[in-house]
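Geometric and topological summary
Here's the letter readout for the chains.
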Amino acid sequence: MDIIRKQTVKRSDPEKHPGGTPLAKSPRIDLGTEVIPKERYTSEEFMELEWEKIWTKTWLLGCREDQIPEPGDFICTNIGRESVLIVRQKNYEIKAFHNVCMHRGNRLADEGLWHAESFVCGYHGWEYDSDGTFVDIPDLNTFQQGKPPCGGLAELPCDT
Ligand code: FES
């Protein structure tokens, strides 16, 4: 069973963190008091703008680290319109990849928490290691392209 440890911080001076360095205050922004139009939540156009201007340019939560504790553990999750694999590596780092086979774009996993030593595409059997590199391409000699199109799965920025 996982234990969630809470970090307690003495709050005698809320302007300072425990190390004593003052926290910089963000500038106060007047957001107004007008009612937010409901289209902000229902408009496809506004959603597209948010995706383009905000969500593709900022860190987003993919999962908690304790959801993928062991090498080979991974989560397949949707972030916006993208399906993403977040994978615990053999060295315990975490990498993220687009859930897209480099051959014909088939998805490699279904949404959820899983464990795998490698990712094998269900379409033509291309296999990728948990670090995203190619492992095997069955019948490579039958592909006119000859070689895989790149070094492996398309990686996304990922940090903890
Ligand atoms: S689409 Fe994945 S192996 Fe062909």
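Presented here is an overview of the structure given in this document. (Residues numbered from 1 in each chain as written. Predicted model: local features only at pLDDT ≥ 70, side-chain atom pairs only at ≥ 80, totals over all residues.)

Brief notes about the environment of leucine 140
Take leucine 140: it is sitting in the loop between β7 (134–136) and β8 (155–156). A sequence separation of 14 residues divides leucine 140 from tryptophan 126, and the C-alpha atoms of the two residues are 9.5 Å apart. (Helix = DSSP H or I, 4+ residues; strand = E, 2+ residues; numbered from the N terminus.)

Considerations on the sheet that holds strand β4 (residues 112–115)
The strands that make up a sheet are held in pairs by hydrogen bonds between backbone atoms, and each pair lies either parallel or antiparallel. Spatial ordering of the open sheet is given by β4-β1-β2-β3-β8, a layout of five strands whose pairing is antiparallel. Of all the strands in the sheet, the pair left with one neighbour each is β4 and β8. Two elements, strand β1 (residues 73–79) and β4, share four bridges in a ladder whose sense is antiparallel. Looking across to β4, one finds that isoleucine 75 is bridged to leucine 113. (Pairing = 2+ DSSP bridges.)

Looking at the nonpolar core
The tendency in soluble globular proteins is for nonpolar side chains to be buried side by side. Within the largest apolar cluster, 18 residues are counted, with the highest numbers of intra-cluster contacts made by Phe74, Ile75, Leu85, Ile86, Ala96, Cys101 and Leu108. Contributing elements (two or more residues each) for this core: β1, β2 (82–88) and β3 (94–98). Broken down by element, this core gets its largest block of residues, four residues, from β2. In this view, alanine 96 contacts Gly62, Val84, Leu85, Ile86, Glu155, Leu156 and Cys158; residues no more than four positions away in its chain are not counted. (Core = buried A, V, L, I, M, F, W, Y, C linked by C-beta atoms within 7 Å. Buried ≥ 20, exposed ≤ 12 C-beta atoms within 10 Å, placed from the backbone. Contact = placed C-beta atoms within 7 Å.)

Some remarks on the sheet that holds strand β6 (residues 127–129)
Spatially, β5-β6-β7 is the arrangement adopted by the three strands of the open sheet, whose pairing is antiparallel. Because the sheet does not close on itself, it has two edges, and the strands there are β5 (118–120) and β7. Here the average twist between neighbouring strands, direction ignored, is 30°. Two elements, β6 and β7, share two bridges in a ladder whose sense is antiparallel. Bridging across to β7, tyrosine 128 finds its partner in phenylalanine 134. (Axes fitted to C-alpha atoms, helices over the stretch in contact; angles between N-to-C directions.)

Some points on the pairing of β3
Where a strand is regular, its side chains alternate between the two sheet faces. Relative to β3, β2 runs antiparallel, the two sharing five bridges. Each bridged residue has a counterpart across the sheet, and for arginine 88 the counterpart in β3 is isoleucine 94. With antiparallel pairing between neighbouring strands as the criterion, β2 and β3 make up a hairpin whose turn holds five residues, including tyrosine 92 at a positive phi of roughly 75°. Pairing between β3 and β8: two bridges, direction antiparallel. Directly across from alanine 96, in β8, lies its bridge partner leucine 156.

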